[in-house]
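# Residue-level structure breakdown
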Amino acid sequence: MSNGASTLWKSEDWWAVWFGLILIASSLSGSVTSVPKIRTWNDNPLDALGIGSPEGSILLSLLLLMIGLGALTAIGVAVMKSERAGRYLAGFAGVFALACVSYWIANQANVKYWGLSYALWALLVGLLISNTIGTPRWLMAGAKTEMFIKTGLVLLGAEILFKKIVSLGAPGLMVAWIVTPIVVVFMYNFATRVLKMVNKKLAIIIACATSVCGVSAAIAAAASCRAKKEDLTLAVGMTLIFTVLMMFLMPLGIKWAGMNDVLGAAWMGGTIDSTGAVVAAGSMLGPTAERVAAVVKMIQNVLIGLLAFAIALYWVTRVDREPGSKADVREIWYRFPKFVIGFVGASILFSFIVVPLAGGDFNAVEATYIRPVTRVFRGWFFCMAFVAIGLESNFRDLVGQMEGGKPLMLYVVGQSFNLFLTLLVAWLAFMVIFPGAVR
Amino acid sequence: MENGTLPVGSLRTRCFRLLVGIVLLAAVAGVFASGYAPPGPLGEVLRHNQVKGIDASPLFYTEVENMRELEAGLTGRDKRTEEPDRFGGKTD
């Protein structure tokens, strides 16, 4: 066991915290006021890079971003001695380029309408290389999946503002915060006790993805319980497919049943996995429904930090504990995934320090620090993480995770329970207890 | 070539597989990018997204570009969005 201060610069968890905090500090200090991102394009693929546009090309900015992020993370890689800095930088450039390709596909306007996010394309691009020609070693050197995920999660923490939970008052809180933990506990117990799934980590990732917010929750859960890449890939694949299906089918079913728009919107906000799909499905029922669905989902999104902390704590104290051993505080601290502290800490920093310092105007904080800077940095890290997962995975390993279809069964049963319970609580909250909450 | 992962076959076979894979990925992406929407009720949401320009891909609420307006519409903070940004930063 390596103890003491040296873990602060020798462990990947702590480096993720430092990277995240440095990037957050760059935003708060005003050193970085915007981060380049691949633009939405329609007919001309070059529009994605701004070539020929009045705003100008983003090629140079992208190059600088790649150099900046590469140099920053290379410091950690070199100090941790997990790779030679030169080799890492060459691989990082390759991974970054593949992330650009993934964003380029995902940001085509018609592709966005389908709800197919960059995570899917990044996975596919990585899998394409690893399962055909094979991932070359120079590229593999830059595929630091866990480091990218953990850094992305620390940055995601800045986006979780606790004040958001009161955006829709008590009914919103009822739908988003009462149902979600119940579904997580139900699904985990169903997986381990009824389905007898051996892979408990996969079970908790699927449970979180189903009940909280799809891919983001899957990433947070996977990192918190230190799951394998294949577990995350499988859970993300399932959640992306079912999200599209639910986005297509739920508004039709709600309209067909003649359900109240607000009730239907709260139902979709609480059950469809990703926020974009929730907004699209809610919009089918009208402007008020679109707002209710989006805000319910947003309140649910805030749960992700607490959930990551709870999973990390549960795993170190219960699941990974040696049989018969007592988990004392020191042991728990040693095994606790430290990046979770950065994740929750970033959320606390923004919720209780940055926003109050800005006079409580969290919209201004979002518009100045989060949306143009930390959110875009986080997107790049997650996109590179999914490329890296694809580069390190092969289809045979993924098939091996299927346990005879148990993960799929877990998703279907869990989502059905989620649909039933969310509808019940949404009806109670918006129709019975607070019928005038939304006008 | 040194490989990090080891798919079976000679380099030539693997290059051929890569080429086929790229064509397949391009074909799949091309179908989605073409603006095709399934006929009938199944394509209703997609057509609605196309008409209204709704991006259905965001994973997290901060990625929804008009989230601020959606939230303000429910919480009555519309007037705040009209106020100048105290940090002088741009707003979405």
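Above this text sits the structure in question.
Just so you know, these numbers come straight off a predicted model, no measurement behind them.

With 79 residues of chain A at the interface, the matching set in chain B holds 60 residues. Across the chain A to chain B interface the summed buried area is about 6200 Å²; carbon plus sulfur atoms make up 65%. Three residues, A:Y113, A:I133 and A:R371, lead the burial of chain A against chain B; their summed loss comes to 12% of the area buried on that side. B:E71 is the salt-bridge partner of A:K164, the closest N and O atoms lying 2.9 Å from each other. At the junction of chain A and chain B, the tally comes to 20 residue pairs in polar contact (both at pLDDT 80 or more). Those elements that place two or more of their residues in the side of chain A that touches chain B are α5 (109-113), α6 (118-130), α7 (137-140), α11 (215-224), α12 (229-257), α14 (275-283), α15 (287-319) and α18 (362-392) of chain A. Broken down by element, the side of chain A that touches chain B gets its largest block of residues, 15 residues, from α18(A). For the side of chain A that touches chain B, a count of residues per class yields 44 nonpolar, 20 polar and 15 charged.

Turning our attention to the nonpolar core. Side chains of nonpolar character tend, in soluble globular proteins, to be buried together. Residues and elements named next belong to chain A. L153, W380 and F386 are the most contacted members of the largest nonpolar core, which totals 183 residues. Ranked by residue count, the leading element in this core is α18, at 18 residues. Those residues in contact with W380, other than ones at most four positions away along the chain, are V35, P36, K37, I38, L62, L65, L69, F96, A99, C100 and Y103.

To continue, consider a nonpolar patch on the surface. Together, A:F420, A:L424, A:W427, A:V432 and A:I433 make up an exposed nonpolar region whose accessible area comes to about 490 Å². Residue placement: A:V432 occurs in helix α20 (residues 406-433).

This paragraph deals with the packing of helix α2 (residues 12-28) of chain A against α18(A). All names here are of chain A. It is at 9 Å that the axes of α2 and α18 come closest, and there the two elements cross at 155 degrees. The orientation of α2 relative to α18 falls into the category roughly antiparallel. For the element pair α2 and α18, the recorded crossing hand is right-handed. For the pair α2 and α18, contact is made by L23, I24, S26, S27 and L28 and by Y369, V373, T374, F377 and F381, respectively.

A word on the packing of aromatic side chains. Here the distance between the centres and the angle between the planes together describe a pair of aromatic rings. All names here are of chain A. Counted according to the given criterion, the structure contains 23 aromatic pairs over all chains. Consider the rings of F92 and F96, whose centres lie 6.3 Å apart with planes at 25 degrees: the pair is stacked. With F92 and F96 both in helix α4 (residues 85-106), this residue pair falls 4 residues apart, about one helical turn. In this structure, F92 and F96 share a single accessibility class: buried. Judged by centre distance (5.0 Å) and plane angle (40 degrees), the rings of Y103 and Y118 are tilted. Of this pair, Y103 sits in helix α4 while Y118 sits in helix α6, placing them 15 residues apart in sequence. Considered together, Y103 and Y118 belong to a single accessibility category, that of buried residues. An aromatic cluster of at least three residues, connected via ring pairs, comprises Y88, F92, F96, Y103, Y118, F148, W380 and F381. Across from the ring centre of W333, 5.0 Å away, lies the NZ or CZ of K338, which sits over that ring.

Reading the values: rules and limits
Residues numbered from 1 in each chain as written. Chains lettered and ligands numbered in written order. Predicted model: local features only at pLDDT ≥ 70, side-chain atom pairs only at ≥ 80, totals over all residues. Heavy atoms only, no water. Contact = heavy atoms within 4.5 Å. Buried area = accessible area lost by both parts, 1.4 Å probe. Salt bridge = Lys/Arg side-chain N within 4 Å of Asp/Glu carboxyl O. Polar contact = N/O pair within 3.5 Å; in protein donor to acceptor, adjacent residues only side chain to side chain. Helix = DSSP H or I, 4+ residues; strand = E, 2+ residues; numbered from the N terminus. Nonpolar A, V, L, I, M, F, W, Y, C, P; charged D, E, K, R; others polar. Core = buried A, V, L, I, M, F, W, Y, C linked by side-chain atoms within 4.5 Å. Buried < 20%, exposed > 50% of the residue type's maximum accessible area, 1.4 Å probe, protein only. Patch = residues over 30% accessible without salt bridge, like charges linked within 9 Å, V, L, I, M, F, W, Y side chains within 5 Å. Areas by Shrake-Rupley, 256 points an atom, 1.4 Å probe, with all protein chains shown as cover. Axes fitted to C-alpha atoms, helices over the stretch in contact; angles between N-to-C directions. Parallel < 35°, antiparallel > 145°, perpendicular 65-115°, else oblique. Left-handed = near helix turned anticlockwise from the far one by under 90°. Phe/Tyr/Trp six-rings, centres within 6.5 Å; stacked < 30°, edge-to-face > 60°. Lys NZ or Arg CZ within 6 Å of the ring centre and 35° of its normal.

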